[in-house]
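Each chain, letter by letter, is given below.
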Amino acid sequence: MSTPYKYGLSILIFFVALALFSSYRIHQGLSVKEYRRFQIIPDAAATKNFEDSSASSLQHNTTWRAKMWEELIKSCQNKTKTRRLPKIIGIGVEKCGTHALMQFLIPHPLIRIARRIECHFFDAKPGGSVEDYLKLMPEVEEDIFIMEKTPAYFNFRSPSIPADIKKIVPDVKLLLVLCDPVERVLSDFYQQWIMFNKTNQSQREFGYKTVDEYLDVYLPRVQKTIGDFNEENRLLQEEKIFKLFREDHLSHILTTGFYALHLQRWFKHFNETNLMIIDSGAMIKHPGAVIESAQRFLHLPMVLLKEDYVLDEESGYFCYKDWRNENKLKCLPSDKQRTRNGQKALSPDAANTLQKFFESHNKALFKMLNRTFWA
Ligand SMILES: Nc1ncnc2c1ncn2[C@@H]1O[C@H](COP(=O)(O)OS(=O)(=O)O)[C@@H](OP(=O)(O)O)[C@H]1O
């Protein structure tokens, strides 16, 4: 055998052996640090197309996953616990599935929720300190990702919320679920209706028995004050939304759906590496794919997989199937299952009017994100 040929063969054998060894190492289980390195892909790719960032066949391997899960739990044990700021905030949109997103993510062994599910720190007490915010958090080990979700951050009360969040938790990752603003009106209407009636205070009577009755009053009011999306006047339009909200809280059932106007405020402080935009329609149909994508975005080991989310035929909504606990189903509370299973619907008139009402705002959103939703 000639010498160059011998060299070539040795190099080939070396690389084949290296490949076999690497594959063996992966199947035997990597350290958490190695696993994380293996996990990370650019955030932008994860957020743009959730189908592109689904789990690999290795991650679907049951033995591998069980082992990884145990390793993650073990990696936290014996570490000091302290109160820490959240690494994840669900900022909205109200009635778009923010609770479902949180409920689907929290089985992750490295995620814990804040002491109160909705902290309302940045909207209810603007100007609070880091220390005040910390008081709302549990004591956890350093590897743990605390998550809080307050959908009111997206659009309520103060336009300074994105800047305030950036100041207190600069490295935080934000999750934003967007849903069809027309469907959102129906869901929010029932939420308001139930809240008002629950308090049973006659002076706080809701006054509108149907969405159509509400729209008769509020559509002209909001249209007159804010109108169609206007590129040149968007800051002024945003100001008007907040002013109207302060004067008349119920206007938010409509103005929350002006996503492009709200998002411009968030994009001044966050971009696609720290703000993940989730399509609620995708989460309703394929929650597991969205959760896989969210783990990539959050740089978390991927241990929650598509097959863990199953449709509950009775309710029409997806639940988490706890494979570590006899496949018990963890489903959403009943107050998060009111309208989107078809039990309630808008009248054809209301649906039509709302489609037109949101048209220019939707177009602006799709252009801003270079992506189409629900259209
Ligand atoms: N998998 C999945 N994906 C997306 N959305 C889902 C999902 N499951 C439930 N839902 C819908 O979530 C709606 C409640 O939204 P939120 O949890 O954001 O409400 S809240 O703002 O916290 O009150 C709630 O609205 P209603 O149906 O009107 O109750 C549900 O339709």
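That block above? That's the structure.
Here the structure is a predicted model, which means the values were calculated and not measured.

Peer 1: I'm lost on the state of the cysteines in this one. Help?
Peer 2: Counted according to the given criterion, the structure contains two disulfides. Each sulfur of the disulfide joining C96 and C179 lies 2.0 Å from the other. Here the S-S torsion is close to -60°, and the disulfide linking C96 with C179 is therefore left-handed. Taken together, the positions of C96 in the loop between β2 (88-92) and α6 (98-105) and C179 in the loop between β6 (173-178) and α10 (181-199) put the pair 83 residues apart, joining distant regions of the chain. On the basis of relative accessibility, which here comes to 1%, the residue C96 falls in the buried class. A sulfur-sulfur separation of 2.1 Å characterises the disulfide bridge that pairs C319 with C331. Handedness here is read from the sign of the S-S torsion; for C319 and C331, about 105°, the answer is right-handed. Here C319, found in strand β9 (residues 317-322), pairs with C331, found in the loop between β10 (328-330) and α17 (348-369); they are 12 residues apart in sequence, far enough to count as distant. Judged by its relative accessible area of 31%, C331 falls in the partly exposed class.

Peer 1: Quick question: what am I supposed to make of unusual backbone geometry here?
Peer 2: In terms of backbone geometry, most residues other than glycine have negative phi values and most peptide bonds are trans. Cis geometry marks the peptide bond from G92 to V93, where omega comes out at 0°. In this fold, V93 is placed in the loop between β2 and α6. The backbone of K95 sits at a positive phi, close to 70°, despite the residue not being glycine. Following the sequence through the fold, K95 ends up in the loop between β2 and α6. Classification of K95 as buried rests on a relative accessible area of 12%. For H120, which is not a glycine, the phi torsion comes out positive at approximately 50°. When you line up the elements, H120 lands in the loop between β3 (111-113) and α7 (121-124). H120 gets classed as partly exposed once you look at its relative accessible area, which sits at 27%.

About the criteria used
Along each chain, residues carry numbers from 1 onward, in the same order as the chain's sequence is written. Thresholds applied to this predicted model are a pLDDT of at least 70 for local features of residues and 80 or more for the giving and counting of side-chain atom pairs; totals over whole chains, interfaces and linings are not thresholded and use all residues. Excluding hydrogens and water, the side-chain figures rest on all heavy atoms present in the structure. Here, a disulfide means two cysteine sulfur atoms that sit within 2.5 Å of each other. A run of H or I in DSSP counts as a helix once it spans at least four residues, and a run of E counts as a strand once it spans at least two, with each numbered from the N terminus. Accessibility here uses a 1.4 Å probe with only protein chains present; expressed as a share of the type maximum, an area under 20% marks a residue as buried, one over 50% as exposed, and anything in between as partly exposed.

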